[in-house]
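A closer look at the structure
Chain residues, written in single-letter form:
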Amino acid sequence: TSMIWCIQELNDGRLASGADDKKLIIWDLKEKKQDCVLDEEKSEISALLQLKDGKLLSGYGSGKFKVWDLGNKKVIEEFECGFGVWYFLELSDGKIAIGIGNGEIQIWDIKEGKCEKKLTEGHSQPINALIEIESGVIVSASDEKDMIMWNLDDVDSKYVLKGHIGPITGLVKI
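Notes on the structure follow. (Residues numbered from 1 in each chain as written. Predicted model: local features only at pLDDT ≥ 70, side-chain atom pairs only at ≥ 80, totals over all residues. Heavy atoms only, no water.)

1. Considering the nonpolar core
Condition: Take the buried Ala, Val, Leu, Ile, Met, Phe, Trp, Tyr and Cys residues and link them wherever side-chain atoms come within 4.5 Å; each set so joined is a nonpolar core. Any residue under 20% of the maximum accessible area for its type is buried, any over 50% is exposed, and the rest in between are partly exposed; the area is computed with a 1.4 Å probe on protein chains only. The secondary structure listing takes helices from DSSP runs of H or I that are at least 4 residues long and strands from runs of E that are at least 2 residues long, numbered from the N terminus. Any two residues whose heavy atoms approach within 4.5 Å are treated as being in contact.
In terms of nonpolar packing, the biggest core is built from 15 residues, with L57, F65, F88, I96, I98, W108 and I110 touching the most fellow members. Elements with a contribution of two residues or more to this core: β5 (45–50), β7 (64–69), β9 (85–90) and β10 (96–100). It is β10 that provides the largest number of residues to this core, a total of 3 residues. For I98, the contacting residues outside a window of four places in its chain are F65, C81, V85, Y87, F88, E104, I105, Q106, W108 and L130. Grouped together as the second largest cluster of nonpolar side chains are 13 residues, A16, Y60, W68 and L70 included.

Quick look at the structure:
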């Protein structure tokens with residue numbers, strides 16, 4: 001038995017799932033069956049996100065992430081973060097915030113193929129959730145009991161939100 005780490009509803013009504021069995025599976029929910037296996041990696045699939053343009057991001061415990069064209073079921077790009085990928089967030093400017101297993105947050109411009117910023121002075125545990133509360137401002141949560149609000153224009157300007165007594169595993173903007 002393997003553990004499913006992540007699921008993502010796709011724009012076309014299908015579902016993507018990633019697990020520690022190292023498979024990225026696309027499911028046909030109308031037919032209630034597996035549509036295809038996109039990937040079989042050497043590391044668990046720990047994060048998924050479908051971008052506004054329809055591409056799919058898959059993140060791995062090994063520290064790599066891939067950009068998929070779902071139409072032809074092919075990898076378009078592959079990048080290395082240096083540590084396990086735990087969470088993806090597409091920002092309003094089209095860049096990608098990636099929560100890393102060592103507590104770091106990386107801001108990527110995947111069109112340019114580079115990491116533009118690393119937010120390293122905050123969490124020491126894996127990033128469990130990220131949300132953008134307004135353009136250029138994100139909130140991160142980890143296994144620690146605090147959240148951090150980051151200004152991406154000035155990464156030294158951050159605010160720690162305290163109040164929980166245990167791990168924070170999700171965030172929702174309301």
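2. Looking at the pairing of strand β3 (residues 23–28)
What counts here: Two strands qualify as a pair provided that DSSP identifies no fewer than 2 bridges between them.
Here strand β2 (residues 15–19) runs beside β3; their pairing, made up of 4 bridges, is antiparallel. By the bridge assignment, L15 is partnered in β3 with W27. Linkage of β2 to β3, two consecutive antiparallel strands, is achieved through a turn of 3 residues, within which K22 is found at a positive phi near 70°. Taken together, the 6 bridges between β3 and strand β4 (residues 33–40) define a ladder with antiparallel strand orientation. Counterpart to K23 in the pairing with β4 is E40. Between β3 and β4, which pair antiparallel and follow one another directly, the connecting turn spans 4 residues, one of which, K32, has a positive phi of 55°.

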